[in-house]
Amino acid sequence: VQLVESGGGLVQPGGSLRLSCTASGSIFRFNVMGWYRRAPGKERELVAYISSAGITNYAASVQGRFGISRDNPKNTMYLQMNSLKPEDTAVYYCNAKVVGSSTVSYWGQGTQVTVSS
């Protein structure tokens, strides 16, 4: 399974970006998909996740500004990021999990998001 992120870039504070994560195969198999980020000098943190049932959860720092969604026919997950702040600057990673007797986790290569004037 390959996960490929796209949509990162440089944006001014208050601006918007939409990240995409496209899987090499069907995403129906993934129980949970999510976005993580790692800012310079900080540990990786969970930004948001969405279950196969469409249940979503967000980090408090992005609640109300970011929206996660998945388009199963397109094998793609999205992260709509609005009202971006400089502290959102990080490398954003796509993650997908198959949960069973053991959990198998897949990662994308990451996409850089820089929020700066």
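Refer to the structure printed above.
Every value quoted in this text rests on a predicted model; they were computed, and no experiment measured them.

## Points about the nonpolar core
Here is step 1: Residues W35, L79, M81 and Y92 are the most contacted members of the largest nonpolar core, which totals 29 residues.
Here is step 2: Elements that contribute at least two residues to this core include exactly β3 (17-23), β4 (32-38), β5 (45-51), β7 (66-71), β8 (76-81), β9 (90-99) and β11 (111-115).
Here is step 3: Setting aside anything within four residues of it in sequence, one finds M81 in contact with G15, S16, L17, L19, R65, F66, Y92 and V113.

## Side note on the sheet that holds strand β1 (residues 3-6)
Here is step 1: Spatially, 4 strands are ordered β1-β3-β8-β7 in an open sheet, and the strand pairing comes out antiparallel. Every interior strand has two partners, whereas the edge strands, β1 and β7, have only one. Averaged over all pairs of adjacent strands, the angle between their axes in this sheet comes to 15 degrees, without regard to strand direction.

## Considerations on the packing of aromatic side chains
Here is step 1: Counted according to the given criterion, the structure contains 2 aromatic pairs.
Here is step 2: Taking NZ or CZ as reference, R44 lies 5.7 Å from the ring centre of Y36, over its face.

## Some remarks on the state of the cysteines
Here is step 1: Applying the stated rule across the entire model yields 1 disulfide.
Here is step 2: With a sulfur-sulfur separation of 1.9 Å, C21 is cross-linked through a disulfide to C94. What sets the handedness of the C21 and C94 disulfide is the S-S torsion sign, and at about -65 degrees it is left-handed. Linking C21 in strand β3 with C94 in strand β9, this pair joins segments that are 73 residues apart in sequence.
Here is step 3: For C21, a relative accessible area of 0% puts it in the buried group.
Here is step 4: Since its relative accessible area comes to 0%, C94 is described here as buried.

## A word on the pattern of salt bridges
Here is step 1: Evaluated as defined, the whole model comprises 3 salt bridges.
Here is step 2: A salt bridge links E45 to R37, with the shortest nitrogen-to-oxygen separation between them at 2.6 Å.
Here is step 3: Exposure remark for R37: the relative accessible area of 5% places this residue in the buried category.
Here is step 4: Put simply, R37 and D88 hold a salt bridge, and the shortest N to O gap is 3.0 Å. Note that R37 is positioned in strand β4 and D88 in the loop between β8 and β9, a separation of 51 residues in sequence.

## Some remarks on the side chain of R65
Here is step 1: With respect to the element layout, R65 can be found in the loop between β6 (56-58) and β7.
Here is step 2: A polar contact of 2.9 Å, which involves the side chain of R65, links it to the backbone oxygen of S61.
Here is step 3: The residues touching R65, leaving out its near neighbours within four places in the chain, are Q80, M81, N82, S83, L84, K85 and D88.

## Some words on the pairing of β7
Here is step 1: Residues F66, I68 and R70 point to one face of β7 and are all buried, whereas G67, S69 and D71, pointing to the other face, are not buried.
Here is step 2: Relative to β8, β7 runs antiparallel, the two being bridged by 6 bridges. Each residue of the ladder has a partner; that of D71, found in β8, is T76.
Here is step 3: Hairpin geometry of β7 and β8 is characterised by an intervening segment of 4 residues between the two adjacent antiparallel strands and by a positive phi of about 55 degrees at N75.

The rules behind these values
Residues numbered from 1 in each chain as written. Predicted model: local features only at pLDDT ≥ 70, side-chain atom pairs only at ≥ 80, totals over all residues. Heavy atoms only, no water. Core = buried A, V, L, I, M, F, W, Y, C linked by side-chain atoms within 4.5 Å. Buried < 20%, exposed > 50% of the residue type's maximum accessible area, 1.4 Å probe, protein only. Helix = DSSP H or I, 4+ residues; strand = E, 2+ residues; numbered from the N terminus. Contact = heavy atoms within 4.5 Å. Pairing = 2+ DSSP bridges. Axes fitted to C-alpha atoms, helices over the stretch in contact; angles between N-to-C directions. Phe/Tyr/Trp six-rings, centres within 6.5 Å; stacked < 30°, edge-to-face > 60°. Lys NZ or Arg CZ within 6 Å of the ring centre and 35° of its normal. Disulfide = S-S within 2.5 Å. Salt bridge = Lys/Arg side-chain N within 4 Å of Asp/Glu carboxyl O. Polar contact = N/O pair within 3.5 Å; in protein donor to acceptor, adjacent residues only side chain to side chain.

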